[in-house]
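Results of the structural survey
Residue strings, one per chain:
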Amino acid sequence: MTYFIDRRPNAKHKSAVNRQRFLERYRKHIKRSVEEAVNRRSITDMERGEKISIPAKDISEPVFQHGPGGARNVVSPGNKEFVAGDKIRRPSGQGGGSGAGEGGASNQGEGIDEFAFTLSREEFLEFVFDGLELPHLQRKPLKSLEEVKMVRAGLSRDGVPSRISITRSMREAYARRIAMRAPIKRALKEAIEALDAEERKDPVLRNPTRINELKTEIERLEKRIAGVPFIDTYDLRYHQLSAQPQPSNQAVMFCVMDVSGSMTQNHKDIAKRFFLLLYLFLEKHYEKVELVFVRHHTAAREVTEEEFFYSRETGGTIVSSALNLVNKIIEKRYPVGQWNLYVAQASDGDNWDDDSNICRDLLVKQLMPQLQYYAYVEITPHDHQSLWHEYESVVKQFPERFAMRQIVEAGDIYPVFRELFKRRLSQS
């Protein structure tokens, strides 16, 4: 048997990369366990990690070993029980197994327990919301400077060393040296020519004093040329940066929940679990998403997060009151040109007589032309009522941006949530 041992030193948290590889390799098993955990957890227990078990047979690793190779003659000992062609029966007993089965004690067999490990909160939520996104999210132009990008905006003589423009600084230095040396070089050339002319004269006519003066002048001019610095602080140029407004993908999600008397406590718990999943999903994947919580019975009211999940207020049912309130909030605080608008509504489908028609008209004429996406979940094990049937006509007019699903029991929450917010191949 040949073993390969990696003895290279590892830095702190050396197992982080290996852990990510492991999670990716066994993603199918982990995702199945995560889905089961989501369905059995309570509302307040969604954010912790999860203990995952993987069957031992699924984590076996390939190994290198020496093959038989060549021709071999094998002499096997004889036996009294078997002849050529007999099939050997499996050994009986309950002591083997994988450690997960049930049975009595045995003095035979060996087994391997399932491999168990714990997902952190971040890893757990990553698997919960894998492959999900807000549908039809668009980038909107912003008038404010909340989201900006620093871009180059010309050059400046002042700045920090990290932003220096070497090419432009060297060009400025070269131009300065040419400008400063040019008159000196002309004077030097004239002095050299004068000295040469004086020295070519007849010895009788030469002026020694003039020659000494010219040599002194030449030496002074050469020192001045040599004294011109290669680069000066005056030559330095720095890239100047300015904040340029960028399109933003900011969005607002309206969470609309029916809290009327027809919504039983079980219905409300299912609705809260659905909205909690939505809340965690938005919190994890999007930075610029605001949430607006709206509860309604006969009247709708914008509430805080705590009131939305824990208030016990109840009453009759007029769904249009919530849709009217959402429309007013959009007009007042969220201009369509600057925000991506989403609505998620949970109800049991029960509504006041003739109000379902009003809801349909509000959606078709006012809300849907402004919204990116509308998700409606009806929590009921019974037949659909008038609200569902009116919403079906909305789906026909806005098939890509209006979705509706039914939830019968708590186990349907996560599959329905994934259907509503699954990643689309193309965004409109």
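So, here's what we can say about the structure. All residue numbers here refer to positions counted from 1 along the written sequence of the relevant chain. The model is predicted, so local features are restricted to residues of pLDDT at least 70 and side-chain atom pairs to those at 80 or more, both for listing and for counting; the totals for chains, interfaces and linings are taken over all residues. Excluded from the side-chain calculations are hydrogens and water; all other atoms, namely the structure's heavy atoms, are used.

1. Concerning the overall build of the chain
Condition: The numbering of helices and of strands both runs from the N terminus, where a helix is a DSSP run of H or I of at least 4 residues and a strand a run of E of at least 2. Each residue is placed in one exposure class: buried if its accessible area under a 1.4 Å probe, protein chains only, is under 20% of its type's maximum, exposed if it is over 50%, and partly exposed if it falls in between. By the convention used here, residues are in contact when the closest approach between their heavy atoms is within 4.5 Å.
Across its full length, the chain holds eleven helices and ten strands. Evaluated residue by residue, the chain yields a buried proportion of 36% over its 428 residues. Counted over contacts in the chain with a minimum sequence separation of 6, partners at least 24 positions apart contribute 80%.

2. Section: the environment of Gln370
Keep this limit in mind: Within 3.5 Å is the distance limit for a polar contact, defined as a pair of N or O atoms, with the added protein rule that one can donate a hydrogen and the other accept it, and that residues adjacent in sequence qualify only through two side-chain atoms.
Along the chain, Gln370 turns up in the loop between helix 9 (355–367) and strand 9 (373–379). Assessed through its relative accessible area of 16%, Gln370 is described here as buried. Put simply, Gln370 and Trp339 are 31 residues apart on the chain and 9.7 Å apart in space, counted from C-alpha to C-alpha. A distance of 2.7 Å separates the side chain of Gln370 from the backbone oxygen of Gln366, its partner in a polar contact.

3. A few points about helix 6 (residues 265–285)
Defined as follows: An expected span of 1.5 Å times one less than the residue number is assigned to each helix.
Its 21 residues give helix 6 an end-to-end C-alpha distance of 30 Å, which sits within 8% of 30 Å, the value for a rise of 1.5 Å per residue. Of all the 21 residues making up helix 6, 15 are buried; the element is thus mostly covered by neighbouring parts of the structure.

4. Details of the pattern of salt bridges
For clarity, the threshold we go by: Here, a salt bridge means any Lys or Arg side-chain nitrogen found within 4 Å of an Asp or Glu carboxyl oxygen.
All told, the structure shown has twelve salt bridges when counted by the stated rule. A salt bridge links Glu172 to Arg168; the nearest nitrogen and oxygen atoms lie 3.2 Å apart. One end of the pair is Glu172 and the other is Arg168, both in helix 4 (residues 166–199) and four residues apart, which spans about a single turn. A salt bridge links Glu172 to Arg237, with the nearest nitrogen and oxygen atoms 3.3 Å apart. Note that Glu172 is positioned in helix 4 and Arg237 in the loop between helix 5 (208–226) and strand 4 (238–245), a separation of 65 residues in sequence. Classification of Arg237 as buried rests on a relative accessible area of 7%. Through salt bridges with shared partners, a single network forms among Arg168, Glu172 and Arg237.

5. A few points about the packing of helix 9 against helix 10 (residues 386–397)
Stated formally: To get an axis, a line is fitted to the C-alpha atoms, and for a helix only the part in contact is used. The angle between two axes follows their N-to-C directions and goes from 0 to 180 degrees. For classification purposes, an angle smaller than 35 degrees is called roughly parallel, one larger than 145 roughly antiparallel, one from 65 to 115 roughly perpendicular, and anything else oblique. If you view the pair so one helix is near and one far, a crossing is left-handed when the near helix is turned anticlockwise from the far one by less than a right angle, and right-handed when it is turned clockwise. Ten residues, namely Ala, Val, Leu, Ile, Met, Phe, Trp, Tyr, Cys and Pro, are considered nonpolar, four, namely Asp, Glu, Lys and Arg, are considered charged, and the remaining ones, Gly among them, are considered polar.
Viewed as axis vectors pointing N to C, helix 9 and helix 10 meet at an angle of 20°, and their least axial separation amounts to 9 Å. On the basis of their axis angle, the class for helix 9 and helix 10 is roughly parallel. Judged by the twist between their axes, the crossing of helix 9 over helix 10 is right-handed. Contact residues: Ser356, Asn357, Cys359, Arg360, Leu363 and Val364 in helix 9; Ser386, Leu387, Glu390, Tyr391, Ser393, Val394 and Gln397 in helix 10. By residue class, the composition of the contact of helix 9 with helix 10 is six nonpolar, five polar and two charged.

6. Re the nonpolar core
One recurring pattern in soluble globular proteins is that nonpolar side chains are buried together. As a reminder, the rule being used: To form a nonpolar core, buried Ala, Val, Leu, Ile, Met, Phe, Trp, Tyr and Cys residues must be joined to one another through side-chain atoms within 4.5 Å.
Ranked by internal contacts, the top residues of the largest apolar core, which has 38 residues, are Phe274, Phe275, Leu278, Leu420 and Phe421. Breaking this core down by element, the ones donating at least two residues are strand 5 (251–258), helix 6, strand 6 (289–296), helix 7 (305–310), strand 8 (340–347), strand 9, strand 10 (402–407) and helix 11 (413–420). Among the elements that take part in this core, helix 6 stands out by supplying eleven residues, more than any other. Grouped together as the second largest cluster of nonpolar side chains are 32 residues, Val319, Leu325, Leu371 and Tyr374 included.

7. As for helix 11
Of all the eight residues making up helix 11, six are buried; the element is thus mostly covered by neighbouring parts of the structure. Residues of helix 11 that are buried include every one of Ile413, Tyr414, Val416, Phe417, Arg418 and Leu420, and no others.

8. Describing the sheet that holds strand 6
For the record, the criterion: One bridge is not enough; two strands pair if DSSP finds at least two bridges between them.
Within the open sheet, the six strands sit side by side as 7-6-5-8-9-10. Their pairing is mixed. Edge positions in the open sheet fall to strand 7 (300–303) and strand 10, since each of these has one partner strand only. The average angle at which neighbouring strand axes cross in this sheet is 20°, direction not considered.

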